[in-house]
Every structure is written in structure tokens, then in C-alpha cells.
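Analysis of the macromolecular model
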2 protein chains.
Amino acid sequence: MGLLVDVADGGTPVQLTKGGWPPHIAVDAMGGDGAPEAVLEAVRLLDADCCRLVLVGPAAQLRDRVPPGVRVEDAPEVIDPGERPVRAVRTKPDSSLVRGLKMLAEGEVDAFVSAGSTGALLVGGALLVGRLPGVDRPALPGPFPRPSGGFTLVVDVGANADCRPRHLVQFALMGAVYAEAVDGISRPRVGLLNMGTEAGKGNQLVRETHRLLEQSPLNFVGSVEARDVFGGLADVVVCDGFAGNVLLKAAEGVAMAVMELLRRELGGGPLPVRVGALLARSGLRRALSRMDYRDYGGVPLLGLNRPVVKCHGSSDARAIANGIRTAIRCVRGAVPDRMKAALSELTGGKLS
Amino acid sequence: MGLLVDVADGGTPVQLTKGGWPPHIAVDAMGGDGAPEAVLEAVRLLDADCCRLVLVGPAAQLRDRVPPGVRVEDAPEVIDPGERPVRAVRTKPDSSLVRGLKMLAEGEVDAFVSAGSTGALLVGGALLVGRLPGVDRPALPGPFPRPSGGFTLVVDVGANADCRPRHLVQFALMGAVYAEAVDGISRPRVGLLNMGTEAGKGNQLVRETHRLLEQSPLNFVGSVEARDVFGGLADVVVCDGFAGNVLLKAAEGVAMAVMELLRRELGGGPLPVRVGALLARSGLRRALSRMDYRDYGGVPLLGLNRPVVKCHGSSDARAIANGIRTAIRCVRGAVPDRMKAALSELTGGKLS
């Protein structure tokens, strides 16, 4: 897209904090339901030379369990799942999440990956790593799988419950930069989540955002409906965090409901149906696994000065490993630098 | 629930406009993609003595095609699908939709059923049939099927894009009255659509509505997430029309995506999988048909003085027939009268 300046053309990494490829990636060893086992196992799934890993967590617990070449950064404190994000970040400087974010802020590593609390990561990310100039609020993107292959990136899926039009424009821009820099989509098509595609549809926020996006240099394709997220009408779909969260959880809910219905119908049916189900199971499993959001592995919080990748709380080793790969791609694509340049172009223009 | 007064206890119909059972039901013969054939076919699917039907549409086209005992009300004008609702209602008094609503308003029939434009039905309903005292805005409910059986009624799924807290409280009350009077659910559990169930979650609208619902006499069970709509946590889930529309269309989108994935995986798989799929097909079809929203047949616009039932635009004969049955249940349950009493109790109290 025209917005992008050539910060890291062709995937050549530039400006690595610690210098030289492969990048240094800090991983929260204690984040997520499967920690630390899932994280330790994830490390073994990665190519040894893809990155230089630092596991952040209680050294006493981790030191004897990491493979050679993986560093351990001691962070003995633990954030409880129920703890309020702001409080956790303020009062637990030696938790793995806060320690990892500080390492990133101080340039000791090039990216940070965590399956810990989304709230704490957002608060800590904004507080410690800082927002890019021109970003009012970091956003949480969500990749939605399409049956035809690929993903639609929805921004925001829950970081920002109340938004103004200019926030949505920033989400659109950050989503487009990410889709181009990491997923390699040229001039990503940006859609606005709406109740219909006719002119004048939507709530006040959406109608005003529509006007702003039309004037922006983004490849804006207009309003799209929630069902279009699963089609191929747009690469990036922008919405406030409340609507995005409804979309995300509705999708999870329906996918679970369909699996439950299939289980009931196929398991309790007459013998030929049950035999058929047994034979068809591998196909069913493949089909439904495409709807499993955890397979994507992790998404970066958009709008921070350096890459912070959030993995699903229930991530297994494969998901954590995929999250680390996402972090490496963010470093390789110089995502924050590209966003900074694009935001500067945007706010220097009529949208500021 | 305590809110209900005994307007029509035990299903005994009272206050029928034209007197006596069965009720008079007007049906828009020209509404929906399948009109008028689907409507004519629907008439044949109904028990002859369930209601006294009036088909509203061009008499010249309908007269020779209706079964004996079914009246035709001439309405030769047609509303185009793309026509703006307010304009259509104002400029086409002899369209089937406007004529049917006028018959209802003037007491010639007890309910009106249409698969025509939702927008025109909402505008026309408010303008011609009128809102119940205490209702700021009529709402469109959406029944979401649960794998475990039954439905969760979501209010609003698209009639009101921008809402205030008091509107959501009215939606909650109307949904609860409907669930009790028509679906026979005693003290329906009302949930508030939110991004999480922890206190303080949500956008400003939801946080304020939460406080109002806690103080209301409704059986409020707190915040629910979009995925819970497919579980059994609440009978009625309340949200603004934008969020509800996202929920509805996300559900449609995922259901379609899953079907598409299954088709690809099962159709293109190795022979045993394809044979299995063939055997399992009846079970699959049953499972997926439970996710088909059109099967519900129709929903009443909540908050009007008399029952107006909206059927899906792509309704087939069975769906239209189910919509007519819904209208009969609304008359039998004296839904508008019950709502009026409940709203009066609500607005007479601390929430006014």
C-alpha cells in the first residue's frame, strides 16, 4: 500500500536491538493455563537457529529444564488470573510478564511473547513499552479463518470497549500495516464492520468512521457484515472492541454448538450413521480444526513501540511456538517502524 | 414473573378485536423472496380452524388462488426491496405491507404477518399500529437455537443501532414478557450481552444498563458473553441492535463456514471418508438444520400496540406457516396487553 515506507523491504531485518540475526525473543514462561510445561515444550518445537530465546520466570523452577542455548531471566513473582491488570503491573515488578516487558522496553530483547492475562499485557505494554506516536490506544487483533483458506484480521476484538471514529481509523491503519508486513498482503482491503452494506447504515460511530475511512489513503472497501468476515471481502475488518468481542465469542460459540450438535446427532444416530461418522471423523476433525482460533498461535498488540505477542490463555506448545514465530515475523517485518511511518503520514494529513 | 398481570391466564384469549376464537390474521401475500407462492402454500399447511386468514395483496393476482374460507384484501401496490422504509410507508398506502398494518391498527384483524422489508415493517408498525406506552423504540428479537434444545431470545438484533440504557431495560422487559407469554418460560432469566462476566466489564452503555437491570424487578442473571447465547445461561439476552446484529450475522457466517468446510473436507476426502460422509449425511443434515434461523418462522416486533410478526425475507412456505402460528400464539398470550401492564409497573417504579 502507498502508506508504507521502505523500512524493511524484502524481509531484511533492520535495527535489531541487540544487533544481528536471529533476533532475541523473550517468552513469558509462566503465562497461560499450560505454563510452564507448554512453554518449555514449545521451545523444543522451534528450529534452534530461528531466534535467541530468553525464558522469563522463576529461575529456580526453570534453570534445569531449558535446552542448551536458551537463557533464563529470573522473575519469581506470579500474577494471579483474577488480579486486576493495573494493580498487577504496578505491584509485581518481578513477575514474568512485567520483567519481560521491561526487557523489551530496555532493548534487551527484540520482542516479547506471553499467554498471560490480556488485560495485564495491554496495560503493561502501554505503560512500559509505550505507544507509537499517533496511537491513542493499542488494539487487539483477531484472525478469523475463512473456509476458502487464509484469515480475515479483525481489529479490535476486545481491548477497547468504547471507541471514537479516529480510534477505528488507527485500528484500520495498524491492521493494514500488519497484514502487509507480516502476512504479505499487498494493499490490504479494509472493511468496516456494519449492520448492512447500504449507505447510511450503522450506529453513529460507524457512520462517522465510514466518512473518515473514505477520505483516508487506505484501500477501504466499505461496510461489511459479520458474516463477510468468514468470506473473502476484506483482509482487515475494523470495529470497536465490544462489537469485535461479540464477533469473536459468537464465532467460538457457534463452532462449539455445531460440534456439540454433530456429536449428539452422529453419536446417537442409527448404526449406519454412527459407522459413517466414524469413517468421516478425520474429515470432520480437519474441518472443525480450521475453526479453532488457538491454531493461529498468537497476535501482536497493535500500536506499541516494540512487538508484544499475545497467545491464547489455553495455548498448547504448538500454539506458543506459533506465537514465537509470529513475534519473529513482526521483528523481520519491522512492524512497529512501518506503523510509525504510516501513522505519521496519516496524522500529517487531513485526518489528524 | 412477578411483573405479569393476569391478562390472559392459561392461554385463554381475551379482547379479540373481531371477537371470538379463532383470531383474524392478516398475512402480507407479497412480502419476501418467495411471494406470493410461498404464502399461498403456507396457507395450505395450516389447520383450517387455527385462524381466520386474510391475504393482503393484489386481488387480481390472488383471488383465484386462495383456498375457500380465506379472504383477500386488495392491495395492488408493491414496495421495492431497495426502497427507503419511511418513503415506502408514506407513499404507498395501497401496498400489502401498509394495508395490512392499517387493518391491524383499525381492529379489522388481530395480528399481521409479513416477510417483507424489516425496515418498512418497523417504521410502518410504529407509525400506523403505534408503540405501547413506555416503549421508546420497538425492538426486533432474534431466537438463537441451543444445541441442548430450545432457544435463547436476543433483543435487539438490528432495529436500533444506537441505544441508551433505558432502551435496553425496555428490551429486557419486552423479551421477558414474550418468553413467558409465548414460550411458556416462567420467570425468564435475563442476561446482558457483555465482553466478560467480571464486574466493571463492558462499554459505557452496558455498564450503565447493568446497574439499571440489577435494580429492576426482572430475573437478571448478570453479564453473559456471546458464546453463552448458545448455552443455557439465560432465556433472554439483551443488547443494542448493532451488537445483536453482529451476533446474528456472525452466527449465520460461522454456520455457513462450517457447512462449507464440511462439504470440502468430506466431499474431497479419501474414499472411506466420502462413504462415511454419505452414511452420516442424515445426521449432519439434522444437526445443521438446527442452526438454520429460518426454521423458527417469525418473530414479533416487540413494543407495538398489536402483534406484528416479521418472517425472514427468504422464508419458504413452512417458515411463513410458522410465522402465522407465532402470530396466533401472540394473540392467545395477549402479548401486547401483558407488555403494557409490565411496562406500566416498570415505569411507575424507580426506573422511570
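Please read all numbers here as calculations on a predicted model, not as lab measurements.

1. Section: the overall build of chain A
Of regular secondary structure, chain A possesses 11 helices and 11 strands. Carbon together with sulfur atoms contributes 48% to the accessible area of chain A, which is approximately 13600 Å² in total.

2. Some words on the side chain of H167 of chain A
Residues and elements named next belong to chain A. Topologically, H167 is positioned in helix α6 (residues 165-181). The exposure class assigned to H167 is buried, which follows from its relative accessible area of 4%. With residues near it in sequence (within four places) discarded, H167 still touches D136 and R137.

3. What about unusual backbone geometry?
Following A35 of chain B, the chain continues to P36 of chain B via a peptide bond in cis, the omega torsion being -5°. You can see P36 of chain B is positioned in the loop between β1 (24-28) and α1 (37-45). Note the cis peptide between V155 of chain B and D156 of chain B, where omega equals 15°. Phi is positive for R187 of chain A, close to 45°, though the residue is something other than glycine. Within the fold, R187 of chain A resides in the loop between α6 and β7 (189-193). Even without glycine at this site, A334 of chain A takes up a positive phi of about 50°. Along the chain, A334 of chain A turns up in the loop between α10 (317-332) and α11 (335-348). Here A334 of chain A falls in the buried class, since its relative accessible area comes to 5%.

4. Quick word on the confidence of the model for chain A
Residues and elements named next belong to chain A. Averaged over every residue, the pLDDT of chain A is 88; the share at 70 or more is 88%. Predicted confidence for residues 1-14 stays below pLDDT 50, and this span has 30 contacts to residues more than four positions away or in other chains. Overall fold confidence (pTM) sits at 0.89, and the ipTM for the predicted complex is 0.88.

5. So, the sheet that holds strand β4 (residues 111-114) of chain B
Working definition: the strands of a sheet are paired by backbone hydrogen bonds and lie parallel or antiparallel to each other. All names here are of chain B. If you walk across this open sheet you meet the six strands as β3-β2-β1-β4-β11-β10, and the pairing is mixed. Looking along the sheet, the strands with just one partner apiece sit at the ends: β3 (71-74) and β10 (299-300). The sheet contact formed by β1 and β4 spans three bridges and is parallel. By the bridge assignment, A26 is partnered in β4 with F112. Against the sheet, α1 makes contact with β1 and β2 (52-57), and its axis sits at roughly 175° relative to β2, the strand it touches most.

6. Section: the sheet that holds strand β9 (residues 236-238) of chain A
All names here are of chain A. Here five strands make up an open sheet; going across it, the order is β5-β6-β9-β7-β8 and the pairing mixed. Two strands close off the open sheet at either side, each with one partner strand: β5 (141-145) and β8 (219-224). For this sheet, the mean inter-axis angle between neighbouring strands, taken without regard to orientation, is 30°. Note: strand β6 (residues 151-155) against β9, three bridges, orientation parallel. Counted as the bridge partner of V154 is V237 from β9.

Parameters and conventions
Residues numbered from 1 in each chain as written. Chains lettered and ligands numbered in written order. Predicted model: local features only at pLDDT ≥ 70, side-chain atom pairs only at ≥ 80, totals over all residues. Heavy atoms only, no water. Helix = DSSP H or I, 4+ residues; strand = E, 2+ residues; numbered from the N terminus. Areas by Shrake-Rupley, 256 points an atom, 1.4 Å probe, with all protein chains shown as cover. Buried < 20%, exposed > 50% of the residue type's maximum accessible area, 1.4 Å probe, protein only. Contact = heavy atoms within 4.5 Å. pLDDT = per-residue confidence, 0-100. Pairing = 2+ DSSP bridges. Axes fitted to C-alpha atoms, helices over the stretch in contact; angles between N-to-C directions.

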